[in-house]
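Take a look at the letters that make up each chain.
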Amino acid sequence: MSVCIRYACGNCGKTIDAWDEGNPYYLDDQGVKRYTRCLFSECSARLIGNDVPHLCLDCGEEFLVDTRAPVDCCPKCGSTTFSDTFRLEGRTCPYCKTGVFTCVPDFYLVP
């Protein structure tokens with residue numbers, strides 16, 4: 001079961017919601033990505049990849065990294081300093097450049 005947690009910057013208050021499983025996908029009969037949150041559905045056997053949300057820690061760009069085509073830099077600024085959004089704990093906020101992300105207690109969503 002997927003779980004969503006929220007990180008907040010202790011300085012500017014910017015929040016980022018992050019799902020632990022990213023965006024698992026399979027390709028339909030036409031070769032189009034189809035996302036699913038339910039890993040136990042009939043399509044789970046067809047899962048071939050995962051688009052994982054990332055945050056550039058230099059410019060603040062939010063982007064997906066496909067597990068089948070990993071990247072080594074931010075698509076916007078070219079920085080190599082980025083993080084999976086589910087692992088932002090203790091990272092410096094790219095928006096205010098001074099605060100640090102911490103997990104918001106008692107916040108979680110389940111689909």
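Everything here concerns the structure above.
Rules of the game
Residues numbered from 1 in each chain as written. Predicted model: local features only at pLDDT ≥ 70, side-chain atom pairs only at ≥ 80, totals over all residues. Heavy atoms only, no water. Phe/Tyr/Trp six-rings, centres within 6.5 Å; stacked < 30°, edge-to-face > 60°. Helix = DSSP H or I, 4+ residues; strand = E, 2+ residues; numbered from the N terminus. Buried < 20%, exposed > 50% of the residue type's maximum accessible area, 1.4 Å probe, protein only. Core = buried A, V, L, I, M, F, W, Y, C linked by side-chain atoms within 4.5 Å. Pairing = 2+ DSSP bridges. Axes fitted to C-alpha atoms, helices over the stretch in contact; angles between N-to-C directions.

We now examine the packing of aromatic side chains. Applying the stated rule across the entire model yields 2 aromatic pairs. Both rings, one in Tyr-25 and one in Tyr-35, keep their centres 6.2 Å apart while their planes meet at 75°; by these two values the pair is edge-to-face. Residue Tyr-25 is located in strand E3 (residues 23-27), and its partner Tyr-35 is located in strand E4 (residues 33-35); the two are separated by 10 residues in the primary sequence. On the accessibility criterion, Tyr-25 (1% relative accessible area) is buried. Look at Tyr-35 and you get partly exposed, because its relative accessible area is 45%.

Time to look at the nonpolar core. Of all hydrophobic cores here, the largest spans 10 residues; its members are Ile-5, Tyr-7, Cys-9, Ile-16, Ala-18, Leu-55, Leu-57, Leu-88, Cys-93 and Phe-101. Going through the elements one at a time, strand E1 (4-9) and strand E2 (15-19) are the ones with two or more residues in this core. Sort the elements by how many residues they give to this core and E1 lands first, with 3 residues.

A word on the environment of Ser-2. Assignment of secondary structure puts Ser-2 in the segment before E1. Spatially, the C-alpha atoms of Ser-2 and Glu-21 are 6.1 Å apart, while their sequence positions differ by 19 residues.

This part is about the sheet that holds strand E8 (residues 101-103). With antiparallel pairing, the 3 strands of this open sheet are ordered in space as E2-E1-E8. Taken across any chain shown, the strands that pair with only one partner, and hence form the sheet edges, are E2 and E8. The average angle at which neighbouring strand axes cross in this sheet is 30°, direction not considered. Looking at chain direction, E1 and E8 are connected through 3 bridges and run antiparallel. Residue Tyr-7 lies in a different strand from E8, and its bridge partner there is Cys-103.

Moving on, we come to unusual backbone geometry. Here Lys-97, not a glycine, exhibits a phi torsion of approximately 70°, which is positive. Its location among the elements puts Lys-97 in the loop between strand E7 (82-84) and E8. Looking at Lys-97, the relative accessible area reads 48%, which means it is partly exposed. Positive phi values are uncommon outside glycine, yet Asp-106 reaches one of about 65°.

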